[in-house]
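Commentary on secondary and tertiary structure
Letter by letter, the chains look like this.
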Amino acid sequence: MTLKCVGIFAMIQAVSLVPLSAYSESGHRIVGALADKLMEGKPAADAIKKLLGAVTLERASTLPDELRGEDKSRGTFKLPENPDLEAQLLAFREANPPSDDESETHMPPSHQWFHYTDVPIQANSYAATKTGTSQWDIVHMIAYCSRVLAGTEKPDNDRRITPAVAVVLLAHYVGDIHQPLHVGAAFLDAKGNFLDPNIHHEAKPDRGGNDINFGATNLHAYWDFDAVESALTYQRRSQGKTSDALTPHDWALQLAAKEPADWKADPSLKPEQWSEKWADEILPLAREAHSRLRFLPLEEFDNKNGKSIVSWTAIEKPHPGQSSYAVFASKAVEVELNKAGWRLAALLEASLATK
Ligand SMILES: [Zn+2]
């Protein structure tokens, strides 16, 4: 049964259904700045400077999201620090334009697909699912960019991912793949029960949490923004610093001195194989990000354009003896941002070194 309703619920939906695709600007800047710091003085840093000029990894990290503005209004994307790179990024967008047809076989692919994958939370690994993954998802696109830098993918490829564009995309995608809802997705029935879409083909996807109302936002946006801001606020409070005294950049410099546990790749793997391992690693976190919640039945209404909108509402389960969802998410994000920064530096170094 579906419930059609209007009014305040519709207003919440109108806000929360804006498609989101990335860690917040703060989250991406932390990852980029961390990698900038870790690569200082290394040969790969010189190679990247030749490709990006005055654009740092910290600056590059948000460009793929800024490029999405071009999908709504042409002429909005500007990069005055490097006009040649601006032209390359616009050519990349032009070669991978947005599309309403989301089938994997649709060509050309949309650059908007490159930011995520939708592995069902029941799957034990990326490779274990047939549903939700594609040749154009974040796992494949990180590998593609790594190959462009390694020279095993030609620089004038059909996707128009030049070496400079590859660095910019990696500075962003490596952040995204460390956001659990960019990898794991729930597939639900109308009652709000989780289903494995490999078995239950009628299960509806939650679009990486974008279709799940959670508090005043949606679950995807909660992990993109709220959890990152909460992690930053915790740092400021525990260090007795204001937001001016501990910016995302400042925190990144601190994280560069804190090597995370278990971040290094298996030395037997090529850099282009790392992204699948990262996806496998974050799946349990994506699972917990859902299992700590209970879901109300599907709701449906028509928006002002007459389009049917569906969503579920998630509520935090009681958690006796456990930290709250907010603390759980904030701590998880700190670990993931730290790993993402260290891994971005390592991936760039390793990919460029194999050339
Ligand atoms: Zn993104």
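In case you missed it, the structure is sitting above this.
What this report covers is the structure whose coordinates are included nearby. What you are looking at is a predicted structure, and each value in this text was computed from that prediction instead of being measured. (Residues numbered from 1 in each chain as written. Predicted model: local features only at pLDDT ≥ 70, side-chain atom pairs only at ≥ 80, totals over all residues.)

When helices and strands are counted, the chain shows twelve helices and nine strands. Scaling as 2.2 N^0.38, a compact globule of 355 residues should have a C-alpha radius of gyration of about 20 Å, and the chain matches this with 20 Å. Oriented by its inertia axes, the alpha-carbon framework of the chain measures out at about 60 × 50 × 40 Å. Counting all 355 residues of the chain, 46% fall into the buried class. Considering only intrachain contacts with a sequence separation of at least 6, the fraction spanning at least 24 residues in the chain is 72%. (Helix = DSSP H or I, 4+ residues; strand = E, 2+ residues; numbered from the N terminus. Rg over C-alpha atoms; globule rule 2.2 N^0.38 Å. Buried ≥ 20, exposed ≤ 12 C-beta atoms within 10 Å, placed from the backbone. Contact = placed C-beta atoms within 7 Å.)

This part covers the packing of helix H2 (residues 25-39) against helix H8 (residues 163-176). Running from N to C, H2 and H8 point in directions that differ by 115°, and their axes come no closer than 9 Å. The handedness of the crossing between H2 and H8 is right-handed. Every residue of H8 that contacts H2 at Gly27, His28, Val31 and Gly32 is listed here: Ala171, His172, Val174 and Gly175. (Axes fitted to C-alpha atoms, helices over the stretch in contact; angles between N-to-C directions. Left-handed = near helix turned anticlockwise from the far one by under 90°.)

Before going further, it helps to spend a moment on the environment of His319. Along the polypeptide, His319 turns up in the loop between strand E9 (308-316) and helix H12 (325-353). Along the chain, His319 and Arg292 lie 27 residues apart, while their C-alpha atoms are 8.2 Å from each other. The residues touching His319, leaving out its near neighbours within four places in the chain, are Arg292 and Ser324.

A word on the pairing of E9. Here three bridges tie strand E5 (residues 212-214) to E9, and the two strands are oriented parallel to one another. The residue of E9 that forms the bridge with Phe214 is Ala314. In this sheet, E9 lies alongside strand E7 (residues 293-295) in antiparallel orientation, the contact comprising three bridges. Paired with Leu293 across the two strands is Glu316, which belongs to E9. Examined bridge by bridge, strand E8 (residues 299-302) and E9 share four bridges and lie antiparallel to one another. Paired with Glu299 across the two strands is Ser311, which belongs to E9. The antiparallel pairing of E8 with E9 creates a hairpin that spans five residues between the two strands, and Gly306 there sits at a positive phi of about 80°. (Pairing = 2+ DSSP bridges.)

Glancing now at helix H7 (residues 138-150). In a regular helix each residue adds 1.5 Å, so 13 residues correspond to 18 Å; H7 covers 18 Å between its end C-alpha atoms and thus fits that length. With respect to burial, H7 is a largely interior element, ten of its 13 residues being buried. Among the residues of H7, Ile138, Val139, Met141, Ile142, Tyr144, Cys145, Ser146, Arg147, Val148 and Leu149 are the ones counted as buried. Contacts made by the buried residues of H7 are with H8, helix H11 (274-291) and H12. (Expected span 1.5 Å × (residues − 1).)

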